[in-house]
Amino acid sequence: MKSLAVIILAAGIGKRLRSKKAKVLHTLAGEPMIRYVVRKAISLAPLKIVVIIGNQAEEVKACISESPKISFVKQKDLLGTANAVQQAEKSLSGFNGTVLILSGDVPLVKEGSLRFLLRDHSERGNDLTFITTVITDPSGYGRVLRDAYSRIIRVIEERDATEEERKIREINTGIYAAEKEFLFRSLKGVKRENVQSEYYITDVIEIAVRGKKRVGAVSAENPVEVMGINTRKELADAERYLRGKKLNDLMLNGVTIIDPSNTYIGPSVSIGRDSIIYPNTFLEGVTSIGEDCVIYPNVRIIDSRLGDGVVVKDSCLIAKGEIGNRATIGPFAQLRPESVIKKGAKIGNFVEVKKSSVGEGSKAMHLSYIGDATIGKGVNIGAGTITCNYDGFSKYPTVIEDEVFVGSDTQFIAPVRIGKGAVIAAGSTITMDVPKDALAMSRVDQVNRKGWALKRKLRVQSSELKVKKRKG
């Protein structure tokens, strides 16, 4: 196979999406659709990848600039797909070989389909080969015109097609393989003689046919993988397809999905066997879940790592966290980024953890905030405990060493360190370090005034009686 370069068209506005956001930045399963296309391009190991940007160019660049092979060219005037491809000529000046043209709004195409296209193009010695497919409703797509011998004549865009041509169900997918010299030479002959007054890349097919060049097409068996995303409905259809495929793969590999129609798992999520996922769960980003885990309803987990045997109870949010084997989270808990919950630890209901480490076997079961804290092994955090980590200017750490018992309604005024085995009395405000094995207690002395409540009750009754007399 010849040397390969890839051009990705990502400059479009996406009018039919009716959005302020560039089309290729709209997300599928939590990721901008352009990333799917870029990953497929990288997997083919091309010498160069040129991304044509235009609308919201800087945002698109920031989204996909992770590979050194990627270069960007801005299409200043959005004059059509042929004009967009022409912008890459200078970037490919030192390249000689096959150019693969992909669309940033066709994110579901499989790597295998692209490899098949390139192999067929090379083996047949074609100048141009493109992918077609047959669909029930071809509305919005360019139609492939063939002669009586099934030889390709041209591709006609729907707006320029006759009523008879619009009945054709074989459509162009916008994915091409072309020899570089032929491609850029042919682009110079493309004109704007169409309804939209744009330069169409599809015109290169007709130029090739007229010039007796070798033109071929390969068919995608599954139309979904080559669907273009132009509307919100198509975006939802693509999301449903991706989600269904992912769920099917997980179930085939030993994961129980109780209700697939109401479970949302991204393509970069991994789950170990014998784990159980309840409905209305959202697992997103690069998330890994170990074996024998249970994720209960209404849970959202993003870019996090869970060990084996972890239980996440109802209505929890976990973002960029790490949870050790057999830990328990929730219900109604939030783990904010950089939180580490170690083996066997328990984070209970209405507990928020932020940028903290909770040690092995430790537990915070009720109504607490743990922020910028390091908590050792076997620590008990009582209900209503707060690490007061922010003074309005800076964040400060709290360190609680192993086997500390913290009573309910305790405030730690950071920075503060609690020594191993210490006990913090309930209702304390801790403003200084506590030594190992010490008892720390910070309370106002309790005062009991005998008979005070009875006197108050009598005053209230007397007042109510006076009010009644006035009204009577």
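The written sequence of each chain sets the order in which its residues are numbered from 1. In view of the model being predicted, local features appear only for residues whose pLDDT reaches at least 70, and side-chain atom pairs are presented and counted only at 80 or more, with totals across whole chains, interfaces and linings using the full set of residues. Remark: hydrogens and water are excluded; side-chain values derive from all non-hydrogen atoms of the structure.

### Notes on the overall build of the protein chain
Heads up, the condition is: A helix here means a DSSP run of H or I that spans at least four residues, while a strand means a run of E at least two residues long, and both kinds are numbered starting from the N terminus. To get the radius of gyration, use the C-alpha atoms; to get the globule rule, take the number of residues to the power 0.38 and multiply by 2.2 Å. Note on classification: 1.4 Å probe, protein chains only; a residue is buried when its accessible area is under 20% of the maximum for its type, exposed when over 50%, partly exposed between these limits. When checking whether two residues touch, look at their non-hydrogen atoms; a contact exists if any pair is within 4.5 Å. Asp and Glu are treated as the negative residues and Lys and Arg as the positive ones, with His and the ends of the chain left uncounted. Here the site of a charge means NZ on Lys, CZ on Arg, CG on Asp, or CD on Glu.
If you tally the helices and strands in the protein chain, you get 9 helices and 41 strands. Taking 23 Å as the expected radius of gyration for a compact globule of 472 residues, we find that the protein chain reaches 32 Å, considerably beyond that expectation. By principal-axis analysis of the C-alpha atoms, the protein chain measures approximately 110 × 65 × 45 Å. Taking all 472 residues of the protein chain together, the buried fraction comes to 47%. For the protein chain, restricting intrachain contacts to residue pairs at least 6 apart in sequence, the fraction spanning at least 24 positions comes to 40%. Between the mean site of the 73 positive side-chain charges and the mean site of the 54 negative ones, the protein chain shows a separation of 7 Å.

### Some words on the side chain of T385
What counts is decided by this rule: Here a polar contact is recorded for every N or O atom pair within 3.5 Å, except that within protein the pair must consist of a potential hydrogen donor and a potential acceptor, and residues adjacent in sequence are included only if both atoms are side-chain atoms.
Considering the arrangement of structural elements, one finds T385 in the loop between β33 (380-381) and β34 (386-388). In terms of polar contacts, T385 uses its side chain to reach the backbone carbonyl oxygen of G382, at 2.8 Å. Dropping the residues within four chain positions of it, T385 is found in contact with L367, S368, Y369, V406, G407, D409, T410 and F412.

### Topic: the packing of aromatic side chains
Formally: Between the rings of Phe, Tyr and Trp (Trp by its six-membered ring), a pair exists once the centres lie within 6.5 Å; its type follows the angle of the planes, with under 30 degrees stacked, over 60 edge-to-face, and the other angles tilted. Both a distance and an angle decide whether a charge sits over a ring: NZ of Lys or CZ of Arg must be within 6 Å of the ring centre and within 35 degrees of the ring normal.
Applying the stated rule across the entire model yields 4 aromatic pairs. Considering the side-chain rings of F130 and Y176, the 6.3 Å spacing of their centres and the 35° angle between planes classify their relative orientation as tilted. Residue F130 is located in strand β7 (residues 128-134), and its partner Y176 is located in strand β10 (residues 170-179); the two are separated by 46 residues in the primary sequence. Assessed through its relative accessible area of 3%, Y176 is described here as buried. With centroids separated by 4.5 Å and ring planes inclined at 5°, the aromatic side chains of Y264 and F282 adopt a geometry described as stacked. With Y264 in strand β13 (residues 263-265) and F282 in strand β16 (residues 281-284), the pair connects residues that are 18 residues apart, well separated along the chain. The exposure class assigned to Y264 is partly exposed, which follows from its relative accessible area of 26%. Residue classification places F282 among the partly exposed positions, given a relative accessible area of 30%. Positioned above the aromatic ring of Y36 is the side chain of R39, whose terminal nitrogen or guanidinium carbon lies 5.1 Å from the ring centre.

### Some remarks on the packing of helix α6 (residues 180-187) against helix α7 (residues 203-210)
Inclusion rule: Axis lines are fitted to C-alpha atoms, over the contacting stretch for helices. Their N-to-C directions set the angle, which ranges from 0 to 180 degrees. For classification, angles of less than 35 degrees are called roughly parallel, those exceeding 145 degrees roughly antiparallel, those between 65 and 115 degrees roughly perpendicular, and all remaining angles oblique. Basically, the charged four are Asp, Glu, Lys and Arg, the nonpolar ten are Ala, Val, Leu, Ile, Met, Phe, Trp, Tyr, Cys and Pro, and anything else, Gly included, counts as polar.
In contact at an axis separation of 10 Å, α6 and α7 are set at 105° when each is read in the N-to-C sense. Overall, the two elements α6 and α7 adopt an arrangement that is roughly perpendicular. Packed against α6, whose contacting residues are F182, S186 and L187, the element α7 presents V204, I207 and A208 at the interface. Per-class residue counts for the contact of α6 with α7 are 5 nonpolar, 1 polar and no charged.

### Describing the pattern of salt bridges
Just so we agree on the cut-off: Each reported salt bridge corresponds to a side-chain nitrogen of Lys or Arg within 4 Å of a carboxyl oxygen of Asp or Glu.
Taken as a whole, this structure holds 24 salt bridges when the rule is applied. Across the pair R146 and E170 runs a salt bridge whose closest N-O atoms are separated by 2.9 Å. Here R146 is found in strand β8 (residues 143-146), whereas its partner E170 is found in strand β10, with 24 residues between them in sequence. Between R273 and E291 there is a salt bridge, and its shortest N-O distance comes to 3.6 Å. You can see R273 sitting in the loop between β14 (270-271) and β15 (276-277) and its partner E291 sitting in the loop between β17 (288-289) and β18 (294-295), a full 18 residues away along the chain. The class for R273 is exposed, based on a relative accessible area of 53%.

### Things to note about the environment of T132
Among the structural elements, T132 can be located in strand β7. Separated by 96 residues in the primary sequence, T132 and Y36 place their C-alpha atoms 20 Å from one another. Side-chain polar atoms of T132 contact the side chain of E170, separated by 2.8 Å.

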